[in-house]
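# Examining the three-dimensional arrangement
If you want the building blocks of each chain, they are given just below.
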Amino acid sequence: MASSLGLGFPEFPGLPNFSFRGSSSSPLLATAALAAASALGLSLAFSSFTHFVHQDNVSHIGWASLSLANASCSPVERKTGEVFPEEVDGGRRLLGVGVRRANVLGLKSIDVYAFGVYADDCDTKKLNEKYGATSLSELKDKKELIADALESDIRMTVRLQIVYGRLSIRSVRNAFAKSVGTRLQKFSASEPSDTDQLLQKFVSLFKDEQKLPKGSVIELSREEGYVLRTRIDGSEVGQIQSKLLCKSILDLYLGEDPLDKSAKEEIQLNLASRLKTA
Ligand code: DAO
Ligand code: DAO
């Protein structure tokens with residue numbers, strides 16, 4: 001069966017940015033895979049776009065992990081080793097993964113969480129009408145595609161998997177006020193006081209006693225009608241209906257100044273290739 005992620009040959013014209021877990025780490029395998037790909041005349045131009053690999057038997061890296069023929073393999077974010085489900089929330093498939101880093105006291109940079117961005121397959125088809133005739137190479141860099149994804153009523157989920165062991169709710173609130181606050185401001189034509197209110201509404205969902213140990217999973221999802229739904233370890237903590245808030249949160253991962261640039265490129269390429277194969 002062909003790739004369900006749009007990563008596989010022949011739909012995906014590139015190669016994952018390989019890295020392997022544990023003893024499977026082998027530059028030799030990667031080299032072999034690259035050689036195999038170039039022997040087949042595949043373009044390597046996109047090789048940096050895909051940085052999730054599949055937790056699977058690496059012995060068939062040449063084909064199986066590219067084509068995802070084996071349904072049991074799970075995508076892995078290669079910098080943190082975090083494993084992500086291929087699909088969440090019934091029909092939302094993974095578009096890309098990345099890492100959120102943060103500076104501590106301006107000194108060292110830490111990995112705070114790994115994330116995966118998912119979009120509903122049926123909903124992304126809404127973009128087909130507009131982009132059906134546009135080539136993949138044009139779509140993968142087209143700003144308008146991302147702008148449409150941010151604006152449209154497409155069900156999406158961002159899954160955050162905490163990897164930093166000492167995250168306090170206070171630092172989450174501070175980081176959030178900065179990262180999401182500036183975006184609310186940027187996308188809003190209204191007064192700062194209105195966006196402050198929205199930010200407060202969201203932040204008030206997080207109780208002081210909430211713990212976020214390493215391994216916690218936060219799901220931020222845009223539901224039908226621009227409802228932002230937040231879950232922590234599977235339990236819902238709240239829903240807020242706001243197109244602006246949904247857009248500002250998704251913009252962290254897909255927008256012009258993304259938290260992880262290569263993740264954004266991967267997400268866009270996979271979104272584009274999904275439109276081509278729909
Ligand atoms: O220990 O003070 C510290 C550094 C923590 C940095 C926190 C950045 C928070 C990023 C947002 C996390 C959202 C779940
Ligand atoms: O990485 O800057 C960032 C912001 C990420 C969004 C974080 C949302 C956190 C919501 C969960 C808090 C639970 C107490």
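Below you will find a few notes about this structure. Once a new chain begins, its residue numbering starts again from 1 and follows that chain's sequence as written. Labels are handed out in written order, letters beginning with A for the chains and numbers beginning with 1 for the ligands. In keeping with the model being predicted, local features are shown solely for residues with a pLDDT of at least 70 and side-chain atom pairs are shown and tallied solely at 80 or more, while totals for entire chains, interfaces and linings include all residues. Computation of side-chain values: all heavy atoms of the structure, hydrogens and water removed.

## Topic: the site of ligand 2
- With respect to spatial proximity, 13 residues lie near ligand 2, and among them R100, Y113, I169, S179 and F206 are the closest.
- We define a polar contact as two N or O atoms separated by no more than 3.5 Å, with the added condition that, inside protein, one atom must be a possible hydrogen donor and the other a possible acceptor, whereas residues neighbouring each other in sequence contribute only through side-chain atom pairs. Between R100 and ligand 2, the recorded distance is 2.7 Å, taken from a side-chain N or O atom to an oxygen atom.
- The side chain of S179 places a nitrogen or oxygen atom 2.7 Å from an oxygen atom of ligand 2.
- Considered on its own, ligand 2 offers 430 Å² of accessible surface; in the complex 97% of this is hidden by protein.
- Where the shell around ligand 2 is concerned, the elements lending two or more residues are α7 (169-187), β7 (217-223) and α9 (243-254).
- Secondary structure is summarised from DSSP: a helix means a run of H or I of at least four residues, a strand means a run of E of at least two, and numbering begins at the N terminus for each. It is α7 that provides the largest number of residues to the shell around ligand 2, a total of 3 residues.
- When residues are sorted by character, Ala, Val, Leu, Ile, Met, Phe, Trp, Tyr, Cys and Pro go into the nonpolar class, Asp, Glu, Lys and Arg into the charged class, and all the rest, Gly among them, into the polar class. Partitioned by chemical class, the residues of the shell around ligand 2 number 10 nonpolar, 2 polar and 1 charged. The near set for a molecule or strand comprises every residue that places at least one heavy atom within 4 Å of it. Here, Shrake-Rupley sampling with a 1.4 Å probe gives the accessible areas, and only protein chains in the shown set may cover a residue.

## Quick look at helix α8 (residues 192-203)
- The end-to-end C-alpha separation of α8 is 16 Å, in line with the 16 Å expected for 12 residues at 1.5 Å each.
- Categorising residues by exposure relies on relative accessible area from a 1.4 Å probe, with only protein chains included: less than 20% of the type maximum marks a residue as buried, more than 50% marks it as exposed, and the intermediate range marks it as partly exposed. Among the residues of α8, those classed as buried are T195, L198, L199, F202 and V203. The arc that holds every buried residue of α8, seen down its axis, measures 135°, which confines them to one face. α8 presents Q197 and Q200 as exposed residues on the side facing more than 90 degrees away from its buried surface.
- The inward-facing, buried residues of α8 abut α7, β7, β8 (227-232), β9 (235-241) and α9. An expected span of 1.5 Å times one less than the residue number is assigned to each helix. By arc we mean the arc of the directions from the helix axis to the C-beta atoms, nothing more. Two residues qualify as a contact provided that any one of their heavy atoms is within 4.5 Å of a heavy atom in the partner residue.

## Looking at the side chain of R222
- With respect to the helices and strands, the residue R222 is situated in strand β7.
- In terms of polar contacts, R222 uses its side chain to reach the backbone carbonyl oxygen of A149, at 2.8 Å.
- Polar contacts involving the side chain of R222 include one to the main-chain carbonyl oxygen of I154, which spans 2.9 Å.
- Setting aside residues no more than four positions away along its own chain, R222 makes contact with R92, A149, L150, E151, S152, I154, R155, M156, V227, C246 and L250.

## Here we look at the packing of aromatic side chains
- Here is the rule: rings of Phe, Tyr and Trp (six-membered ring for Trp) pair when centre to centre is within 6.5 Å. Planes less than 30 degrees apart are stacked, more than 60 are edge-to-face, and the remainder are tilted. Enumeration over the complete set of coordinates arrives at 5 aromatic pairs.
- Centre to centre, the rings of F176 and F202 are 4.6 Å apart; their planes meet at 25°, and the pair counts as stacked. Highlighted residues: F176 in helix α7 and F202 in helix α8, separated in sequence by 26 residues.
- We classify F202 as buried; its relative accessible area is 1%.
- Pairwise contacts between aromatic rings join Y113, F115 and Y253 into one cluster.

## As for the sheet that holds β8
- With antiparallel pairing, the 7 strands of this open sheet are ordered in space as β3-β4-β5-β6-β7-β8-β9. Where the open sheet ends on each side, the last strands, each with one partner, are β3 (87-88) and β9.
- Whether two strands pair depends on DSSP finding at least two bridges between them. Alignment of strand β6 (residues 156-162) against β7, held across 6 bridges, turns out to be antiparallel. Across the sheet, T157 pairs through a bridge with S221, a residue of β7.
- Axis definition: a line fit to C-alpha positions, over the contact stretch in the case of helices; interaxial angles, taken between N-to-C directions, run 0 to 180 degrees. Together, β4 (92-104) and β5 (108-120) form the strand contacts of helix α10 (residues 261-277), whose direction differs from that of β4 by roughly 170°.

## Notes on the pairing of β6
- Within β6, 7 of the 7 residues are buried, which leaves the element mostly enclosed by the surrounding structure.
- Residues M156, V158, L160 and I162 line one face of β6 and the alternating positions T157, R159 and Q161 line the opposite face, and both faces are buried.
- Bridging between β5 and β6 involves 7 bridges; their strand directions are antiparallel. By the bridge assignment, F115 is partnered in β6 with L160.

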